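# Commentary on secondary and tertiary structure
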Amino acid sequence: PKKDGLFVGSNNWVTGPSLSKNRGLYMANDPHRRLAIPSLRYWVHLNAPGWNVIGGGEPEIPGVSIGHNEHGAWGLTVFETDGEDLYVYDINPENPNQYSYKGQWEDMTLIKEKIVVKNSVDVEVTLKYTRHGPVAYEDHDNHKAYAVRCAWLEPGGSPYLASLRMDQASNWEEFREACHYSHIPGENMIWADKEGNIGWQAVGIAPIRTNYSGLVPVTGDGRYEWDGYLPILEKPNSFNPPKGFIATANQNVTPEEYTHWNAIGFGWSDPFRGMRINEVLGNGKTFDMDDMKQLQNDYLSIPARTLVPLVQRLVTSDKLTTAAMEQLSHWDFRLEKNSIPAAIYATWEKELFNKLLDYFPDPGSGMLVDYMQMQRLLDWIVNPSIRFKSTSNRDNYLIGTLESAVTELQKNLGNDISEWKYGQPHLKHVKITHPLGDLVTPDLARKLNTEIRPRGGNGYTPASTGSAENQLYGATFKIIADISNWDNSIGSNPPGQSGDPDSPFYKNLYDQWAEDQYFPVYFSRDRIESTKYEKSLLIPDF
């Protein structure tokens, strides 16, 4: 929410023939991760006997995890699956390496590791493990220990290895069978094929909890154990839904009638990106590639559409705040760069969180507010009796935070409201810094790092750019696959395809991405050969 880095996700959708102007299909995916240089993901086209797949993957992950072959296209987004539990143990006062389990003292597994420290002596540490997992904290005064159990760290999990099966799927049945092996923490997998089929299968390893929810820590004395794992194909799924499209954006897409909630979990991202995507795809129109690009780069804020009308009803004695409200009155709720009302709203939105406890003190809840979701705050604002006790209290909070937002803009950008434009360094921009980019000479830093570029959006818009002034997370790798004609597919992957700063492809894709533009993703050999830069032939030396 407010703290960038807590959550990574993505947008993901497929449209069926009934929604496409050319009666074809589209698959769009833009996974959100930390912006990095070199890039996290890379485009690759694997062509060999039995293989013809193009898309993106990470250097340490085999195959293509997002992309298409001759038959169909697929993408992924996070499907929140609670695959972790925190266990609390009673420790033997006579032996800190023993914990109570089923009425007896059980030995921890101890592993000694040596850490080499530059310009100092080596440090030896002892790592401790219970039957559930690594010990993360020890409270020696109270004889307690805490360990984390992760389903996706179970032996044989092999996250993303199922991509190899997906890469060779020729239909929905084969793709779904490949999903059966996807023991990752939790993803929404979507599929669209040349036969006009679209499908969704939630994947990821999910522990079955029979006597507890997993929402809070539990004692590690044997009373709260997992009863195996939910078969992946029993996670939520659908095939060719009547509405003609499938859209996931890390929101709760689990059907209400679903029964395995204790295996899935109860935590989800804010719903706004998913709501906006569903709103656009469900408006009864048909779509083409330009529409797909526009939706993937959509900066409309549903929270803004809810909040701005509420504050516009109010009155302020501050002239600059009155001028700011006038700017908001003509706004289309899009957080576009160079937009004055977008700058005002984005600053106000942050103040709503920053000043919440100033208006409604709640001792000890500061950290909770830092990580509170926007949906919870909106619920309180729209229904003031829940938290604010009265509409008057709520209104004082809204106008007071808008006034403090205007003061913040005035301090950073001056008194001229025409200069308050979203996309400036104080408001929203992007600069990707190499891991060594702050440690080298200025000349080398310019070579390693990208330049500052203005950006739009925030963490609640389909084109998600996070909450920080400098965009740290968001969609770098993007694909929009045209299933009716693979050569019409497009993509992006900043800053470039090479990790070598001396390569012309090190950051040549950065400016294009910052402007929400794409490059063609050709699939046919003729188109690829016609545009190749160079060709390398690798011959094994036996």
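Residues numbered from 1 in each chain as written. Predicted model: local features only at pLDDT ≥ 70, side-chain atom pairs only at ≥ 80, totals over all residues. Heavy atoms only, no water.

## Some thoughts on the side chain of Asp298
Counting through the fold element by element, Asp298 comes out in the loop between helix H5 (289-296) and helix H6 (302-312). Residue classification places Asp298 among the buried residues on the basis of a relative accessible area of 5%. At 3.0 Å, the side chain of Asp298 and the side chain of Arg276 are in polar contact. Dropping the residues within four chain positions of it, Asp298 is found in contact with Arg276, Val280, Arg334, Thr461, Pro462 and Ala463. (Helix = DSSP H or I, 4+ residues; strand = E, 2+ residues; numbered from the N terminus. Buried < 20%, exposed > 50% of the residue type's maximum accessible area, 1.4 Å probe, protein only. Polar contact = N/O pair within 3.5 Å; in protein donor to acceptor, adjacent residues only side chain to side chain. Contact = heavy atoms within 4.5 Å.)

## Quick look at the environment of Thr407
Along the chain, the position of Thr407 falls in helix H12 (residues 391-413). A residue is classified by how much of its surface remains accessible, and Thr407, at 48% relative accessible area, is partly exposed.

## Notes on helix H7 (residues 319-329)
For H7, the full list of buried residues reads Leu320, Thr321, Ala324, Met325 and Leu328. In an axial view of H7, the angular spread of the buried residues amounts to 145 degrees, which keeps them on one side of the axis. Buried residues along H7 sit against H6, helix H8 (340-354) and H12. The backbone nitrogen of Leu320 has a side-chain oxygen 3.3 Å away, supplied by the residue at the start of H7, namely Asp318. (Arc of directions from axis to C-beta.)

## Side note on the pairing of strand E15 (residues 198-203)
Most of E15 is tucked away, with six of its six residues classed as buried. Here E15 shows no split at all, with Ile198, Trp200 and Ala202 on one side and Gly199, Gln201 and Val203 on the other all buried. Hairpin geometry of strand E14 (residues 187-193) and E15 is characterised by an intervening segment of four residues between the two adjacent antiparallel strands and by a positive phi of about 95 degrees at Gly196. Pairing of E15 with strand E19 (residues 237-239) involves three bridges; the strand directions are antiparallel. By the bridge assignment, Gly199 is partnered in E19 with Phe239. (Pairing = 2+ DSSP bridges.)

## Regarding the environment of Ile91
Mapped onto the fold, Ile91 is located in strand E7 (residues 84-92). Put simply, Ile91 and Gln497 are 406 residues apart on the chain and 51 Å apart in space, counted from C-alpha to C-alpha. When sequence neighbours within four positions are dropped, the list of residues in contact with Ile91 reads Pro96, Gln98, Tyr99, Trp105, Met108, His143, Lys144 and Ala145.

## Some words on the sheet that holds E15
Ordered by their spatial adjacency, seven strands build an open sheet running E3-E4-E5-E6-E14-E15-E19, and the pairing between neighbours is antiparallel. Edge positions in the sheet fall to strand E3 (42-48) and E19, since each of these pairs with one other strand and no more. Recorded for the sheet is a direction-independent mean angle of 15 degrees between the axes of neighbouring strands. (Axes fitted to C-alpha atoms, helices over the stretch in contact; angles between N-to-C directions.)

## A closer look at the packing of aromatic side chains
When we look at a pair of aromatic rings, we describe it by the centre distance and by the angle of the planes. Counting across every chain of the model gives 26 aromatic pairs. For the pair Trp74 and Phe175, a centre-to-centre distance of 6.2 Å together with 40 degrees between the ring planes defines the contact as tilted. Placement of Trp74 in strand E6 (residues 72-78) and of Phe175 in helix H2 (residues 172-179) is noted, with a sequence separation of 101 residues between them. When the centroid spacing of 5.9 Å and the interplanar angle of 45 degrees are considered together, the rings of Tyr137 and Tyr146 count as tilted. Overall, the relative accessible area of 24% leaves Tyr146 in the partly exposed class. (Phe/Tyr/Trp six-rings, centres within 6.5 Å; stacked < 30°, edge-to-face > 60°.)

Fair warning: the whole summary comes from geometry, so function is off the table for now.
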